[in-house]
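Here is what each chain is made of, one letter per residue.
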Amino acid sequence: MIRSDIARLRWAVASATAAEVDLVVDLAAEDASLALAAASLGRRTILHATDALAEWRAVFALRPPSVRAFDSAAEGLLGSIADALDVGWRGACAACGQPFRVSAYRWDDPASADDPGATPAARRGTCAACRAGGGRGDVGKATAEERIEPVAIDPVLRAEGGGRWSDRQLVGFDAARRALLASTEPAPILDGLRIAVAEAAIATARPTRSARGWWEVAPRQALSDAFAARRSELFAGEAPPRELSLGTDTSSLRYPGLAVVMRRGGAGARGALAALAASAPQLSIAMVRIRIVPTGGPIDLRSAAIRWAAADVGAEEPVDAVEPSDPIAVSASIARTLVALHPLLKRGVEIIVDLPPELEALAGAVAAIGLAGGIVTAVSDRDAEIGRAHV
């Protein structure tokens, strides 16, 4: 099955490239969708991953493990940290009194989740005893006298969480991190596990502002959901060509073969790309994807979540984030990129610019493309279509 986003990108790559020497470049890759679209047409790609999570996603998509191997590793991870995942998440059924695992607590005030004397407004879980007796087994209410099992954690660990997760959640995610650090799984499987942990942490983070309360989801539940998402990706994902090679050395592009070169985005990656113009003048960039990353909380939350999947993710260079409501900043960011790539850009190069929804960001992008001598040929919802510009 071909994912709709890859199908749209494939059409864009096909219209922009005509020969093997035409390169496709993703300067702020968050996954391998563009690389998969290009590889299916025999085009080589350079990916600059935004961070460690983007690298893991790309490796998992370009070197997918078998479903059976991934399932075994996921079950092994959950089993190895089962005790830690249960800390603070044990409850008793209000109907029959039998113990069960709580999958989420509902708090009217998110800050009260760490108050040992507070009672949640509601809870979610499944009572196996009630279900076995013919009932639904879904537990939706917490009794007035119920008190959640207290959790004692190291103050250093609490400080590392930065208030984004409750103490109960921190215990589970810290256990997952320690298990991943000790894992001996092959790289693609390990990357899949890391993706799941990071995405589970992002999904369960406490909101900074919430007028409607907060569902504090248990790490066990979040991890199970994230593992299921990765499993679905393996079942329905785009299979890469067998001859595709994945590496980090741009010099490999001077030789024949279907290659994807992936590096962490930053000055080093941009320098290697600039050096390619001198070492391989026969190559040219026929298509480039630029992403405008907005400043603010999402970047910080993503960085914090990545640390639960890997304590040491290597040197992180600041993402070229801009204020999306400032058209001048958006225009300057795009212009800097085009100037840096100029020696490699093919005449008529196709540029995909992923923008935040702010109208000012669109104005800045249109201005930058115009100053570069290009024309904007399409503007559309990036979740539904691909906007293109020609230079």
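Fair warning: this is a prediction, and the values are worked out from it, not measured in the lab. (Residues numbered from 1 in each chain as written. Predicted model: local features only at pLDDT ≥ 70, side-chain atom pairs only at ≥ 80, totals over all residues. Heavy atoms only, no water.)

Asker: Can you walk me through the overall build of the chain in this structure?
Answerer: Along its length, the chain carries 14 helices and 14 strands. For the chain, the proportion of contacts with a sequence separation of at least 24, taken over those separated by at least 6, is 72%. Summed over its atoms, the accessible surface of the chain is roughly 18,000 Å², and 55% of this surface lies on carbon and sulfur atoms. (Helix = DSSP H or I, 4+ residues; strand = E, 2+ residues; numbered from the N terminus. Contact = heavy atoms within 4.5 Å. Areas by Shrake-Rupley, 256 points an atom, 1.4 Å probe, with all protein chains shown as cover.)

Asker: What is the right way to look at the nonpolar core in this model?
Answerer: Note that soluble globular proteins tend to have their nonpolar side chains buried in a common cluster. By size, the foremost hydrophobic cluster in this structure holds 45 residues, and its most contacted members are Trp56, Trp165, Val197, Phe227 and Trp308. Among the secondary structure elements, those contributing two or more residues to this core are α3 (52-62), α4 (67-80), α5 (82-86), α8 (167-181), α9 (187-204), α10 (219-236) and α12 (297-309). Broken down by element, the residue count for this core peaks at 9 residues, all from α9. Residues Leu23, Ile285, Val330 and Val349 belong to the second largest nonpolar core, which totals 29 residues. (Core = buried A, V, L, I, M, F, W, Y, C linked by side-chain atoms within 4.5 Å. Buried < 20%, exposed > 50% of the residue type's maximum accessible area, 1.4 Å probe, protein only.)

Asker: What's the story with the side chain of threonine 204 in this structure? I'm lost.
Answerer: Tracing the backbone through its elements, the reader meets threonine 204 in helix α9. Relative accessible area serves as the criterion here: at 1%, threonine 204 is assigned to the buried category. Within the structure, threonine 204 has its side chain in polar contact with the backbone oxygen of alanine 201 (distance 3.3 Å). If near-sequence neighbours (up to four positions away) are discounted, threonine 204 is found in contact with Trp165, Gln169, Phe173, Trp214, Val217 and Ala222. (Polar contact = N/O pair within 3.5 Å; in protein donor to acceptor, adjacent residues only side chain to side chain.)

Asker: What's the story with the packing of aromatic side chains in this structure? I'm lost.
Answerer: Each aromatic ring pair is described using two quantities: the centre-to-centre distance and the angle formed by the ring planes. Taken as a whole and assessed by the stated rule, the structure comprises 5 aromatic pairs. Ring geometry for phenylalanine 70 against phenylalanine 227: centres 6.1 Å apart, planes inclined by 75°, an arrangement best described as edge-to-face. With phenylalanine 70 in helix α4 and phenylalanine 227 in helix α10, this pair connects stretches of sequence that are 157 residues apart. Take phenylalanine 227: its relative accessible area is 2%, and that puts it in the buried class. Relative to tyrosine 105, the ring of tryptophan 89 lies with its centre 5.4 Å away and its plane at 20°, an arrangement referred to as stacked. Within this pair, whereas tryptophan 89 is found in the loop between α5 and β3 (90-92), its partner tyrosine 105 is found in strand β4 (residues 99-107), the two being separated by 16 residues in sequence. (Phe/Tyr/Trp six-rings, centres within 6.5 Å; stacked < 30°, edge-to-face > 60°.)

Asker: Explain the packing of α4 against α9 here, please?
Answerer: How two helices pack is summed up by the angle between their axes together with the distance between the axes. Relative to each other, α4 and α9 sit at 55°, their axes nearing to 10 Å. Comparing their axes, α9 and α4 come out oblique. Here the hand of the crossing between α4 and α9 comes out right-handed. Only Ile189, Gly192, Leu193 and Val197 of α9 make contact with α4, whose side of the interface consists of Ala69, Phe70, Ala73, Ala74 and Leu77. Classifying every residue of the contact of α4 with α9 gives 8 nonpolar, 1 polar and no charged. (Axes fitted to C-alpha atoms, helices over the stretch in contact; angles between N-to-C directions. Parallel < 35°, antiparallel > 145°, perpendicular 65-115°, else oblique. Left-handed = near helix turned anticlockwise from the far one by under 90°. Nonpolar A, V, L, I, M, F, W, Y, C, P; charged D, E, K, R; others polar.)

Asker: Help me understand the pattern of salt bridges in this model?
Answerer: Pairs may arise between side chains of opposite charge once their charged atoms sit close together. For the structure shown, the criterion picks out 19 salt bridges. Aspartate 86 is paired through a salt bridge with arginine 220; the nearest N and O atoms lie 3.2 Å apart. Of this pair, aspartate 86 sits in helix α5 while arginine 220 sits in helix α10, and the two are 134 residues apart along the sequence. Given a relative accessible area of 11%, aspartate 86 falls into the buried group. The buried category is assigned to arginine 220, whose relative accessible area is 18%. Glutamate 160 is the partner of arginine 177 in a salt bridge, and the nearest nitrogen-oxygen pair spans 2.6 Å. (Salt bridge = Lys/Arg side-chain N within 4 Å of Asp/Glu carboxyl O.)

Asker: Would you mind going over the pairing of β4 with me for this structure?
Answerer: The two faces of a sheet get side chains in turn, since along a regular strand they alternate between them. Examined bridge by bridge, β3 and β4 share 3 bridges and lie antiparallel to one another. For glycine 91, the partnering residue across the bridge sits in β4 and is phenylalanine 100. In textbook terms, the turn of a hairpin is the stretch between consecutive antiparallel strands, and for β3 and β4 this stretch comprises 6 residues, one of which, glycine 97, has a positive phi near 80°. The pairing of β4 with strand β6 (residues 214-217) spans 4 bridges and is classified as antiparallel. The partner of tyrosine 105 across the bridge, within β6, is glutamate 216. (Pairing = 2+ DSSP bridges.)

Asker: Is there a simple way to explain α8 in this structure?
Answerer: In an α-helix, one full turn covers 3.6 residues, which means residues spaced three or four apart are oriented alike. Its 15 residues give α8 an end-to-end C-alpha distance of 21 Å, which sits within 8% of 21 Å, the value for a rise of 1.5 Å per residue. Of all 15 residues that make up α8, 13 are buried, and the element is covered over most of its length. (Expected span 1.5 Å × (residues − 1).)

Asker: I keep staring at helix α11 (residues 267-279) and nothing clicks. Help me out?
Answerer: Look at α11: 18 Å from first C-alpha to last across 13 residues, which is about the 18 Å you get at 1.5 Å a residue. Here α11 has its buried residues at Ala269, Ala272, Leu273 and Leu276. Viewed end-on, α11 has its buried residues packed into an arc of 100°, placing them on one side of the element. (Arc of directions from axis to C-beta.)

Asker: Help me understand a nonpolar patch on the surface, please; the structure alone is not making it clear to me.
Answerer: There is a patch of nonpolar side chains on the surface, built from Val366, Val376 and Val379 and spanning about 230 Å² of accessible area. Along the chain, valine 379 turns up in the loop between β13 (375-376) and β14 (389-390). (Patch = residues over 30% accessible without salt bridge, like charges linked within 9 Å, V, L, I, M, F, W, Y side chains within 5 Å.)

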